Amino acid sequence: MVSNKALFELAAVFTATAGILHLVRAPLKPHGFPAELVVYAEVLFIVGGILQIFWVLPMIRHWGRPWYMVGLIGTAVFMAFWIISRVPNPITGVALPNNVLGYATETVQAAFIVVTSIIIAKEKAILQTINQQKVEDSPERLTSLSNEVTKLRQEIDILKNK
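Let us look at the structure shown here. Keep in mind that this is a model prediction, so the values were computed, not measured.

Cut-offs and rules
Residues numbered from 1 in each chain as written. Predicted model: local features only at pLDDT ≥ 70, side-chain atom pairs only at ≥ 80, totals over all residues. Heavy atoms only, no water. Salt bridge = Lys/Arg side-chain N within 4 Å of Asp/Glu carboxyl O. Helix = DSSP H or I, 4+ residues; strand = E, 2+ residues; numbered from the N terminus. Buried < 20%, exposed > 50% of the residue type's maximum accessible area, 1.4 Å probe, protein only. Core = buried A, V, L, I, M, F, W, Y, C linked by side-chain atoms within 4.5 Å. Contact = heavy atoms within 4.5 Å. Axes fitted to C-alpha atoms, helices over the stretch in contact; angles between N-to-C directions. Parallel < 35°, antiparallel > 145°, perpendicular 65-115°, else oblique. Left-handed = near helix turned anticlockwise from the far one by under 90°. Nonpolar A, V, L, I, M, F, W, Y, C, P; charged D, E, K, R; others polar.

**A few points about the pattern of salt bridges**
No. 1: Under the criterion given, the structure shown has two salt bridges.
No. 2: As a salt-bridge pair, Glu9 and Lys5 come within 3.8 Å of each other at their nearest N and O atoms. Taken together, the residues Glu9 and Lys5, both in helix H1 (residues 4–25) and four residues apart, mark about one turn of the helix.
No. 3: Note that Lys29 is salt-bridged to Glu42, the shortest N-O span being 2.7 Å. In this pair, Lys29 is assigned in the loop between H1 and helix H2 (38–54) and Glu42 in helix H2, connecting sequence segments 13 residues apart.
No. 4: For Glu42, a relative accessible area of 23% translates into the label partly exposed.

**Here we look at the nonpolar core**
No. 1: Counting residues in each nonpolar core, the largest one holds 18 residues, and the members touching the most others are Ala11, Met59, Tyr68, Phe112, Val115 and Ile119.
No. 2: Those elements that provide at least two residues to this core are H1, helix H4 (65–85) and helix H5 (100–161).
No. 3: Looking at this core element by element, the count peaks at seven residues for H1.
No. 4: When neighbours within four sequence positions are excluded, Ile119 is seen to be in contact with Leu7, Phe8, Ala11, Met59 and Tyr68.
No. 5: In this structure, Ala26, Phe33, Ala41 and Phe78 belong to the second largest nonpolar core, which totals eight residues.

**What about unusual backbone geometry?**
No. 1: Even without being glycine, His62 reaches a positive phi, approximately 55°.
No. 2: Mapped onto the fold, His62 is located in the loop between helix H3 (56–60) and H4.
No. 3: On the basis of relative accessibility, which here comes to 40%, the residue His62 falls in the partly exposed class.

**What to know about the packing of H1 against H2**
No. 1: For the pair H1 and H2, interaxial distance at closest approach is 7 Å and the crossing angle is 160°. Accordingly, the angle class assigned to the pair H1 and H2 is roughly antiparallel. Judged by the sense of rotation from one axis to the other, the crossing of H1 with H2 is left-handed. Where H1 approaches H2, its residues Thr15, Ala16, Ala18, Gly19, Ile20, His22, Leu23 and Arg25 are matched on the opposing element by Phe45, Ile46, Gly49, Ile50, Gln52 and Ile53.
No. 2: Grouping the amino acids of the contact of H1 with H2 by side-chain chemistry returns eight nonpolar, five polar and one charged.

Shown next, in the form of structure tokens:
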């Protein structure tokens, strides 16, 4: 079984790798890519790459579920752009060619999504267990508190009678 720490480290490695690959990809112009969209693609790859590298922090420092969800959804959107661009579409007008860099990037992004999903599921299970324990402990706690209140009332009555 993989430790929680290892899962967070794996997620950090996957998102950093995807970010680096996007930064490497930014200046490359794929064959058949519309010239008027090159600047937009460069900005997308640079901003996306920087964000993916930044996302190492929320994963390593365990910033919490909202951060994990944003990273997961952002990565899924990035993957959707890639998938859409591989078929004829109204944005590029043509299906862009596949290449090793694209496959590598999508593979590490998919790995990030899988590992982050596992982290989210494990944390949800842990929270459910904690909440269940609280519910189970509640009757015992109430009984204990009730007994303490009864003892305190008895002590007060004794003090009043003195």
